[in-house]
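Residues per chain are reported as follows:
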Amino acid sequence: MRIHILGSGAAEGWPAVYCRCDACQRARARGGRSIRSRSATLVDGRFQFDWSSDAYMQGLRDGVALSDVRHLIFTHTHRDHYYPSELVFRRPPFAHQTLPLTIWADAWAIEGIREEVGELEAANITLREVEPYQTYQLDDAHLTPLLANHFPERICFNYIFERNGKRLLYGQDSGWFPEEHWQAQQGLYFDVVILDCTGGPKDAGQHHGNIDLVIRSKERMIEMGTADDDTLFIANHFSHNGGLLHEELVELLSPHGIDVSYDGMIVEV
Ligand SMILES: [Zn+2]
Ligand SMILES: [Zn+2]
Ligand SMILES: [Zn+2]
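Being a predicted model, the structure only gives us computed values, none of them experimental.

**Topic: the sheet that holds strand E11 (residues 192–196)**
Here is step 1: Strand order in the open sheet formed by seven strands is E7-E8-E9-E10-E11-E12-E13, and the pairing between neighbours is mixed. In this open sheet, the two edge strands, each paired with only one partner strand, are strand E7 (136–138) and strand E13 (258–260). Going from strand to strand, the sheet's axes swing by 25 degrees on average, the running direction of each strand aside.
Here is step 2: Inspection of the sheet shows strand E10 (residues 166–171) paired to E11 by four bridges, in the parallel sense. Considered in E11, the bridge of leucine 169 is made with valine 193.
Here is step 3: Strand contacts of helix H5 (residues 211–224): E10, E11, strand E12 (232–236) and E13, with the helix running at about 145 degrees to E11, the strand carrying the most contacts.

As structure tokens, this is what we get:
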């Protein structure tokens, strides 16, 4: 399984679009891995989690054709993950010879896409509304939505994604997982775990994670036997409000065997 982090930042990006705080000014000066665009992750070149307004440029930046994506999986409808306006450009005359795209998402996301895109057939889109704790087949992969602790007014899904004998836990956006989420992991082994680290070293409130939460989540998974020393743990979705640039985050997380994501990061398991 090849996991490609297209965007590793929180809602406002980092440097945040209008912000002049110290963390943003330092990121502007440092560049490189401290520049974080909005959330999206590509798996095996054909499966994509989330699509923000940054997705088009992320594909160009990393030299990947997002026109090859066959399954688009939305976690939730916060704007840093969900930009349905882009899907309008799947219709002629904006696009020709498109590959079929199946979109997996909650009812709000599905409704928003239907409204925005209109003629789904012309856009070569199939919409699939998903329910938590059901397993769906996406070609040769399996997907199971879990309820995240993130968006009480609507819904946010984390996902278990399985393909070619490898298993990924896509665990953002979320605070500490609800108990039923933990129970759904029971008896499974994860090769890769991506967790929410919005707050960095600071408190991120109830509905996002931070360094402490990522470490405690890893400890719990190892206790449960759902992960071990070979499991790749990746902290992701960083906000400038945490204040620490990439290398500073690495210093704090690497002693715990946790990788720090960055835009363009690719890992293979
Ligand atoms: Zn987010
Ligand atoms: Zn800032
Ligand atoms: Zn969110």
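**Regarding the pattern of salt bridges**
Here is step 1: Inspection of the entire model under this criterion finds 15 salt bridges.
Here is step 2: Across the salt bridge formed by aspartate 44 and arginine 163, the nearest N and O atoms sit 2.9 Å from each other. Here aspartate 44 is found in the loop between strand E2 (40–43) and strand E3 (47–49), whereas its partner arginine 163 is found in strand E9 (residues 157–163), with 119 residues between them in sequence.
Here is step 3: Accessibility expressed as a relative area gives 13% for arginine 163, which makes it buried.
Here is step 4: One salt bridge in this structure joins aspartate 212 and arginine 216, with 3.1 Å as the shortest N-O distance. Of this pair, aspartate 212 and arginine 216 both sit in helix H5, separated by four residues, roughly a single helical turn.

**Examining the side chain of threonine 144**
Here is step 1: Among the structural elements, threonine 144 can be located in strand E8 (residues 141–147).
Here is step 2: By relative accessible area, threonine 144 is classed as buried at 10%.
Here is step 3: Separated by 2.8 Å, the side chains of threonine 144 and threonine 135 make a polar contact.
Here is step 4: Among all residues touching threonine 144, those that are not within four sequence positions of it are Tyr133, Gln134, Thr135, Asn158, Tyr159 and Ile160.

**A word on the nonpolar core**
Here is step 1: Among the nonpolar cores identified, the biggest contains 29 residues, and Leu169 and Met221 are the most heavily contacted of them.
Here is step 2: At the level of elements, helix H1 (22–30), E11, H5, E12, helix H6 (246–253) and E13 are the ones that each hand at least two residues to this core.
Here is step 3: Here the element with the most residues in this core is H5; it accounts for five residues.
Here is step 4: Not counting residues up to four positions away in its chain, the partners in contact with leucine 169 are Leu146, Tyr159, Ile160, Phe177, His181, Gln185, Phe190, Val192, Val193, Ile194 and Met221.
Here is step 5: Counting residues in each nonpolar core, the second largest holds 25 residues, with Ile73, Ala141, Phe161 and Tyr262 among its members.

**Comments concerning the packing of aromatic side chains**
Here is step 1: Inspection of every chain in the model, using the stated rule, returns 10 aromatic pairs.
Here is step 2: Among the aromatic side chains, those forming a connected cluster through ring pairs are Phe47, Phe49, Phe157, Tyr159, Phe161 and Tyr170.
Here is step 3: The cationic tip of arginine 33 hangs over the ring face of tyrosine 262; the distance from NZ or CZ to the ring centre is 3.7 Å.
Here is step 4: Its guanidinium or amino end placed over the ring of tryptophan 176, arginine 216 lies 4.8 Å from that ring's centre, counting from NZ or CZ.

**Describing the coordination of the zinc ion (ligand 2)**
Here is step 1: Of the protein atoms, only Cys19 (SG), Cys21 (SG), Cys24 (SG) and His240 (ND1) coordinate the zinc ion (ligand 2), at distances of 2.1 to 2.4 Å.
Here is step 2: Coordination at the zinc ion (ligand 2) is tetrahedral, judged from the four donor atoms that bind it and the angles of 100 to 118 degrees they form at the metal.
Here is step 3: Spacing between the donor residues of the zinc ion (ligand 2) along their common chain follows C-x1-C-x2-C-x215-H.
Here is step 4: With a relative accessible area of 18%, cysteine 19 lands in the buried category.
Here is step 5: By relative accessible area, cysteine 21 is classed as partly exposed at 27%.

Rules and cut-offs
- In this convention, every chain numbers its residues from 1, walking through the sequence in written order.
- Think of it this way: whatever chain is written first is A, whatever ligand is written first is 1, and the rest follow in order.
- Given that this is a predicted model, residues contribute local features only at a pLDDT of at least 70 and side-chain atom pairs are listed and counted only at 80 or more, while totals for whole chains, interfaces and linings are drawn from all residues.
- With hydrogens and water stripped out, all remaining heavy atoms of the structure feed into the side-chain values.
- One bridge is not enough; two strands pair if DSSP finds at least two bridges between them.
- Helix and strand assignments follow DSSP, with helices taken as H or I runs no shorter than four residues and strands as E runs no shorter than two, numbered in order from the N terminus.
- Between the N-to-C directions of two axes lies an angle of 0 to 180 degrees, each axis being a line fitted to C-alpha atoms and, for a helix, fitted only over the stretch in contact.
- Contact criterion: two residues are considered in contact whenever any of their non-hydrogen atoms come within 4.5 Å of each other.
- Salt bridges are counted wherever a side-chain nitrogen of Lys or Arg sits within 4 Å of a carboxyl oxygen of Asp or Glu.
- We call a residue buried when its accessible area falls under 20% of the maximum for its residue type, exposed when it is over 50%, and partly exposed in between, using a 1.4 Å probe and counting protein chains only.
- Two N or O atoms form a polar contact when they lie within 3.5 Å of each other; inside protein one atom must be a possible hydrogen donor and the other a possible acceptor, and for residues adjacent in sequence the pair counts only when both atoms belong to side chains.
- Working definition of a nonpolar core: buried Ala, Val, Leu, Ile, Met, Phe, Trp, Tyr and Cys residues. They are joined through side-chain atoms within 4.5 Å.
- Here is the rule: rings of Phe, Tyr and Trp (six-membered ring for Trp) pair when centre to centre is within 6.5 Å. Planes less than 30 degrees apart are stacked, more than 60 are edge-to-face, and the remainder are tilted.
- A positively charged side chain is recorded as over a ring if its NZ (Lys) or CZ (Arg) lies within 6 Å of the ring centre. The angle to the ring normal must also be within 35 degrees.
- Coordinating donors are taken to be N, O and S atoms lying within 2.8 Å of the metal, or within 3.2 Å when the metal is Na, K or Ca; because water is excluded from the atom set, some sites may appear incomplete.
- All geometry calls rest on donor angles, where a four-donor set with angles between 85 and 135 degrees is tetrahedral, four- and six-donor sets with opposite donors more than 155 degrees apart and all others between 65 and 115 are square planar and octahedral, and all else is irregular.

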